[in-house]
Amino acid sequence: MKLLNKEIILVGICVTMISGSVYSLYKELTGRITKSSADAIGTIIFKKKDAERKYAEFVIWEEIASNSPVFNYDSIRTFKNSAAYIHLKSGAEISLDEDTMIVLIADEKGVKINFDKGTVSAKSTGAGTGNISFNTKDVSISVDKGELALKKIENDININVSSGEALIDSGKGNVKKINSNVNAHIVNGKTEVKKIHVIPETPADNTFYITFKTMDRIEFKWKSDSKENETVQIAKDSSFSDIVHTSETKSKYTSAHISPGDYYWRVMSAGESSPVKKFTLIKDTVPAYLYPAADEITHVAGNEEPVNFKWTGSSYSKAYELELAQNP
């Protein structure tokens, strides 16, 4: 009988422990929804598959919907064929490419981005935005007013500045300044700076185009001192393993008809590759007339009575302009 009582007590203790663990897990999963949007430091928009977020006080990752609030100390990660864009209340903009993970820390001086892996870019507009800094195990890269992009694979970091100036701090007073005319390559904390002879201009990094067509024309412009033919490459991935368009020209300008999607482009000149820029062509829906319909006759009682016009909205436009005339 004593042995049976001990078994009952042991089972009771186990049930209590399991129940406590289940309740703790439930609190972990549901507690995050109590965050107030008033505490948010910005908004995240993602497309193509999923992005995930982990709050600082929780250990479990969760999927996030587009236009969700972002909070201080959030960890954000994207997956293969995914992209996310974070708009901070300060005015700073952060773009995450596929297979990227960061932690956001915002204060009165600006925003710090603990950068673990992948490709990320940021844009600071000046005083209101504050300083933007990327921090890794070996180095810190910061910009006060400008735009820069970083790609990190293990201990290898590549940095390109689209505008303004950036500071690279490798510690022990080793600080280097770079601008849009150079490329910085950091391996195991050691920085190599190389002058860029081919500078892409249009489309700028993370440019969005909207089209109503299944194919549309995009123009490409760049700067270089070369008088010879240069090759423009457009790809669906940043490693250019999936190139969708190639053209040669001496004019520093070309165009290509492409379908909606995410793309990367670069210019090859005399064996040198320009910095890679990303752009997105978005397929929108054309607004359609609802009222008055074509050839419909509308009657009004007098000059003061309004005539209502209705139409379906497009997916990406927030404002519309109505034009009314007496001839086509």
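Anything mentioned here points back to the structure above.
Quick summary incoming for the structure in this document.

Thresholds applied
- Residues numbered from 1 in each chain as written.
- Predicted model: local features only at pLDDT ≥ 70, side-chain atom pairs only at ≥ 80, totals over all residues.
- Heavy atoms only, no water.
- Pairing = 2+ DSSP bridges.
- Helix = DSSP H or I, 4+ residues; strand = E, 2+ residues; numbered from the N terminus.
- Axes fitted to C-alpha atoms, helices over the stretch in contact; angles between N-to-C directions.
- Buried < 20%, exposed > 50% of the residue type's maximum accessible area, 1.4 Å probe, protein only.
- 1 Å grid on protein atoms, 1.4 Å probe; cavity = no way out; pocket = protein on both sides within 12 Å on 5 of 7 lines; lining within 4 Å.
- Points joined across faces, edges and corners; volume = space filled by probe spheres on them.
- Nonpolar A, V, L, I, M, F, W, Y, C, P; charged D, E, K, R; others polar.

### Re the sheet that holds strand β16 (residues 198-202)
Here's step 1: One open sheet holds the 3 strands; their spatial order is β16-β18-β21, and the pairing between them is antiparallel. Every other strand in the sheet has two partners, leaving β16 and β21 (253-258) as the edge strands with one partner each. The sheet shows a mean angle of 30° between the axes of neighbouring strands, direction not considered.
Here's step 2: Of the pairings in the sheet, the one linking β16 to strand β18 (residues 216-224) comprises 4 bridges and is antiparallel in character. Across the sheet, residue P200 finds its bridge partner in β18, namely W222.

### Considering the pairing of strand β19 (residues 230-235)
Here's step 1: Most of β19 is tucked away, with 6 of its 6 residues classed as buried.
Here's step 2: Going residue by residue along β19, you find E230, V232 and I234 tucked away on one face and T231, Q233 and A235 tucked away on the opposite face as well.
Here's step 3: Direction of pairing for β19 relative to strand β20 (residues 243-249): antiparallel, over a ladder of 6 bridges. Paired with T231 across the bridge in β20 is E248.
Here's step 4: Note: β19 against strand β22 (residues 261-269), 5 bridges, orientation antiparallel. In the strand pairing of β22, I234 is matched with W265.

### Some remarks on the layout of surface pockets
One water molecule sets the probe size; rolling that probe over the atoms shows where empty space is left.
Here's step 1: Reported here for the largest pocket is a volume of approximately 680 Å³.
Here's step 2: Residue lining of the largest pocket: 30 residues in total, with K151, N158, N160, N183 and V276 positioned closest to the centre.
Here's step 3: Those elements that provide at least two residues to the lining of the largest pocket are β7 (93-96), β9 (110-124), β11 (140-153), β12 (156-169), β14 (182-187), β15 (190-195), β22 and β23 (272-273).
Here's step 4: Here the element with the most residues in the lining of the largest pocket is β11; it accounts for 4 residues.
Here's step 5: Across the lining of the largest pocket, the residue classes tally to 9 nonpolar, 11 polar and 10 charged.

As far as function goes, none of this settles anything; it's purely spatial.
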